[in-house]
Amino acid sequence: MLVRTHTCGQLRESDVAATVRLNGWVNSYRDHGNLVFIDLRDRYGITQLVFDREDGAAQSMMDAADKLRNEDVIAVEGTVRVRKGGENPKLATGKVEIVVTSLEVLAKTDNPPFLPDDLAKLPNEELRLTHRYIDLRRPSMQRVLAARHKVYQVTRRYFDEQGFLEVETPILYKSTPEGAREFLVPTRHVPGSFYALPQSPQLFKQILMVAGCDRYMQVCRCFRDEDPRADRQAEFTQIDLEMSFVRREQVMQTMEGFVRRLWKEMTGIDVPPLRRMSYREAMEDYGIDRPDTRYDLRIRDVSDFARTVEFGIFKSALEKGADRPRFNSKKGVVKAMRVPGGADKLTRKVTDGYTEFVKGFGAGGVAVVKVIKGEDGQPKLDTGIAKFLEPRKAEFLALLGCEVGDTVLFLADTYSVATKAIGELRQKVARDMGLLPAPGAEGGPWNFLWVVDFPMFEKNKDTGKWVAMHHPFTSPTDEQMQAFLDADPDDEVTIEGIVSAGYDIVLNGQEIAGGSVRIHDRAVQSKVFKLLGLTPEQAKEKFSFLLEALSYGAPPHAGIAFGLDRLVMNFVGTDNIRDVIAFPKTQIGADLMTRAPSPVPEAQLRDVHIRALTPPAP
Ligand code: ASP
């Protein structure tokens, strides 16, 4: 084989007259009879090859060149010269070409289902995933792989400098109720028993702290058998971290340093110190615990004002949970969002659509009012619930700082329903109003923030049971520790008010990292398990290893995990998670290239003591 001396992205004018060898794929060819041009491509770039009969190319080689087709794999030897046809400024090698003297066809291709061409319209994703090896040849996909690789390198370098040890943790793990549904793996050796694939290495990293590892990191795969979502994969990658002898502050500083380093190396920009926002502030102003702060659109609690308005829907909402404290999920509230310029843009049809939209989040509908210019030139309330607000117009306008041209949208329901619904609505309105900024040169604007002081527990709507908002190993804040230990498990209001020592990093409305100070005290951990409805026997069965480890000298520890796929999505500017994973699965978890999951022979099932209830589709 004519082994390459250079890559297809390497040759420059300074190489003119050199004899070189290149290997690669035929990216395109132009055949002028006695003159054949081939663009040869590899991961590094494209170089033009010339087969020229008049330049002395042998007829046999001309015949072979003539038969080359897109995606054939070839090796050539030849001489570098300045391009006769003039420079191609689009290519790094665009000043030169190679006059080929020898050609070796390394592999002929079948007719490809599509060409890995970034300029042509992309084929549908199913075809791309089925023939991922062709799709990945596209220069833009090669850039994604390179960006992802760089994220790994910067990550490992930074955490190595900070004294973290990379430790691998098992993939075949124990089934533990950590939050998400697990993938199970049967084993031949123990009939009826299963491994689970880890949702995250959470407990191993905590146990590594008990084991004296002090600072742990791992770029690791996590598995969650969750319902499909556009930005999720059942199998995804985390940058997983844990630190000993720290409180929240030290973790936040170390991780902020990482974010700054990563953004500097990936985009060249200097991330300013991250702003901090409490969960409560996020929920109050943005209706979500991962607010998108690239645009303003604030939400206001206008319950006190709404109490003075004779409007049935406000009144009945405010009667709900009237005796409950502020921010309690079951207390009735009225929330409002002022949309500057909405009076024109948000037509009746659009706002009717909002009512349908919020029904999806359990709310009854959206009340609307517009602020228009009256005949007297003064602001006038129009449409929707204008007549109910009219008697209190001045107060209303002042309360929200309304101006002519605004629309105000209201949500009246329990705190949890109204907050969730208006938070989702805020994002929709932002899109409808065109408030999302277009990406700049370095991909930004990048709006980072820490969200802190989350509640420890929330009620699962379907089961009515408490669930840990982060995970069951998250500690209450130091200040709330005693209140937590003293709390009566049946005292719903108090339990809902316990604040955890969790923290998330939010970027442009996405959670890119989440973590917490952990429980390192066995009694506190047992109380959490109890609240989550585990009997002492169940807790022992599931978590005895953790509880035991906690009783043999556990240092205070805390950690976090970054979603690596999401980080890469930001750097390469895609909102499709499949674009940043070499071999992703579809939304229903299928690998179209290998055709996994797939049925297995009866005998193989018998080996692992399993009988399928549903026979495989033929
Ligand atoms: N294990 C957690 C998760 O996967 C992250 C952490 O708390 O460190 O979300």
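Bear in mind the structure is a predicted one, so any value in this text is a computation, not a measurement. (Residues numbered from 1 in each chain as written. Predicted model: local features only at pLDDT ≥ 70, side-chain atom pairs only at ≥ 80, totals over all residues. Heavy atoms only, no water.)

Draft legend 1. Summary view of the overall build of the protein. What the protein contains, in helices and strands, is 20 helices and 22 strands. A principal-axis box enclosing the C-alpha atoms of the protein has dimensions of 95 × 80 × 55 Å. Taken over 618 residues, the protein has a buried fraction of 47%. Counted over contacts in the protein with a minimum sequence separation of 6, partners at least 24 positions apart contribute 68%. Total accessible area on the protein is roughly 30200 Å²; 51% of this is exposed by carbon and sulfur atoms. Across the protein, 84 positive and 88 negative side-chain charges occur, with their mean positions spaced 1 Å apart. (Helix = DSSP H or I, 4+ residues; strand = E, 2+ residues; numbered from the N terminus. Buried < 20%, exposed > 50% of the residue type's maximum accessible area, 1.4 Å probe, protein only. Contact = heavy atoms within 4.5 Å. Areas by Shrake-Rupley, 256 points an atom, 1.4 Å probe, with all protein chains shown as cover. Lys, Arg positive; Asp, Glu negative; His and termini not counted. Charge placed at Lys NZ, Arg CZ, Asp CG, Glu CD.)

Draft legend 2. Region of interest: the pattern of salt bridges. Per the counting criterion, the structure on display carries 43 salt bridges. In this structure, the salt-bridge partner of Asp 135 is Arg 128, at a minimum N-O distance of 2.9 Å. Since its relative accessible area comes to 6%, Arg 128 is described here as buried. A salt bridge links Asp 453 to Arg 248; the nearest nitrogen and oxygen atoms lie 2.9 Å apart. Here Arg 248 lies in helix α6 (residues 248-267) and Asp 453 lies in the loop between β17 (448-452) and β18 (457-459), a separation of 205 residues in the sequence. According to the relative accessible area criterion, Asp 453 is partly exposed, its value standing at 29%. Taken together, the shared-partner salt bridges connect Asp 118, Arg 128, Arg 132, Asp 135, Arg 138 and Asp 579 into one network. (Salt bridge = Lys/Arg side-chain N within 4 Å of Asp/Glu carboxyl O.)

Draft legend 3. Region of the structure containing the sheet that holds strand β11 (residues 275-278). Strand order in the open sheet formed by 8 strands is β6-β9-β10-β22-β21-β20-β17-β11, with mixed pairing between adjacent strands. Two strands bound the open sheet, and with one partner strand each, they are β6 (165-166) and β11. Where β11 lies against β17, 4 bridges are found, and the strand directions are parallel. For Ser 278, the partnering residue across the bridge sits in β17 and is Val 452. Across the sheet, helix α5 (residues 202-210) is in contact with β9 (215-223), β10 (235-244) and β22 (557-563); its angle to β10 comes to roughly 20 degrees. Relative to the sheet, helix α7 (residues 279-286) contacts β11 and β17, its axis offset from that of β11 by approximately 80 degrees. (Pairing = 2+ DSSP bridges. Axes fitted to C-alpha atoms, helices over the stretch in contact; angles between N-to-C directions.)

Draft legend 4. Fine view of the state of the cysteines. Scanning the model with the defined rule gives 0 disulfides in all. Among the cysteines around Cys 213, which has no disulfide bond, Cys 220 carries the closest sulfur, lying 14 Å off. Here Cys 220 is not cross-linked by a disulfide; its sulfur's nearest cysteine counterpart is in Cys 222, at 4.1 Å. By relative accessible area, Cys 220 is classed as buried at 5%. (Disulfide = S-S within 2.5 Å.)

Draft legend 5. Structural detail: the pairing of strand β16 (residues 407-414). The buried count for β16 comes to 8 of 8 residues, which makes it a mostly enclosed element. Bridge count for strand β13 (residues 332-339) against β16 is 8 bridges, and the pairing is antiparallel. Paired with Lys 335 across the strands is Leu 411, a residue of β16. Judged from the 4 bridges that link them, strand β14 (residues 367-373) and β16 form a sheet pairing that is antiparallel.

Draft legend 6. Structural detail: a nonpolar patch on the surface. A contiguous nonpolar patch, built from Met 1, Val 3 and Leu 106 and spanning about 280 Å² of accessible area, is present on the exposed surface. For Met 1, the location among the structural elements is in the segment before β1 (19-31). Look at Met 1 and you get exposed, because its relative accessible area is 60%. (Patch = residues over 30% accessible without salt bridge, like charges linked within 9 Å, V, L, I, M, F, W, Y side chains within 5 Å.)

Draft legend 7. Layout of the nonpolar core. Ranked by size, the top nonpolar core spans 46 residues in total, and within it Met 255, Trp 263, Phe 448 and Phe 562 carry the most contacts. Broken down by element, this core gets its largest block of residues, 8 residues, from α6. Residues in contact with Met 255, not counting those within four places in the same chain, are Phe 159, Phe 164, Leu 241, Met 243, Trp 450, Ile 560 and Phe 562. By size, the runner-up hydrophobic cluster in this structure holds 33 residues, among which are Met 283, Leu 346, Val 366 and Val 417. (Core = buried A, V, L, I, M, F, W, Y, C linked by side-chain atoms within 4.5 Å.)

Draft legend 8. Structural context of the site of the ligand. Lining the immediate environment of the ligand, one finds 13 residues, of which Gln 202, Lys 205, His 470, His 471 and Arg 518 sit closest. Note that an oxygen atom of the ligand is positioned 2.9 Å from one of the side-chain N or O atoms of His 471. Taking 270 Å² as the accessible area of the ligand by itself, protein coverage stands at 90%. At the level of elements, α5, β21 (510-517) and β22 are the ones that each hand at least two residues to the shell around the ligand. In terms of residues, the shell around the ligand owes the most to one element, β22, which gives 3 residues. (Near = heavy atom within 4 Å. Polar contact = N/O pair within 3.5 Å; in protein donor to acceptor, adjacent residues only side chain to side chain.)

Draft legend 9. Spotlight on the sheet that holds strand β12 (residues 299-301). Strand order across the open sheet formed by 5 strands is β12-β13-β16-β14-β15, with antiparallel pairing between neighbours. At either end of the open sheet lies a strand with only one pairing partner, and these are β12 and β15 (379-382). Recorded for the sheet is a direction-independent mean angle of 25 degrees between the axes of neighbouring strands. As defined by bridge partners, β14 adjoins β15 across 4 bridges and the pair is classed as antiparallel. In the strand pairing of β15, Ile 372 is matched with Lys 380. Across the sheet, helix α9 (residues 312-319) is in contact with β13 and β16; its angle to β13 comes to roughly 130 degrees. Against the sheet, helix α13 (residues 393-400) engages β12, β13, β14, β15 and β16, with an angle of about 100 degrees to β15.

Draft legend 10. View of the side chain of Ser 303. With respect to the element layout, Ser 303 can be found in helix α8 (residues 303-306). We classify Ser 303 as buried; its relative accessible area is 6%. Reaching out from Ser 303, the side chain makes a polar contact with the side chain of Asp 301 at a distance of 2.6 Å. Excluding anything up to four places from it in sequence, Ser 303 contacts Leu 318, Val 333 and Val 334.

Draft legend 11. Geometry of the side chain of Glu 97. Topologically, Glu 97 is positioned in strand β5 (residues 96-107). A polar side-chain atom of Glu 97 sits 2.8 Å from a polar atom in the side chain of Arg 81. A distance of 3.1 Å separates a polar side-chain atom of Glu 97 from the backbone nitrogen of Lys 84. Glu 97 has contacts with Phe 37, Gln 48, Val 50, Thr 79, Val 80, Arg 81, Val 82, Arg 83 and Lys 84, leaving out every residue within four places of it along the chain.

Draft legend 12. Highlighting helix α1 (residues 59-66). Inspection of α1 places Met 61, Met 62 and Ala 65 among the buried residues, and these make up the whole buried set. For α1, the arc enclosing every buried residue in end-on projection is 105 degrees, short of the 170-degree limit, so these residues lie on one face. (Arc of directions from axis to C-beta.)

So yeah, pure geometry; function would need other evidence.
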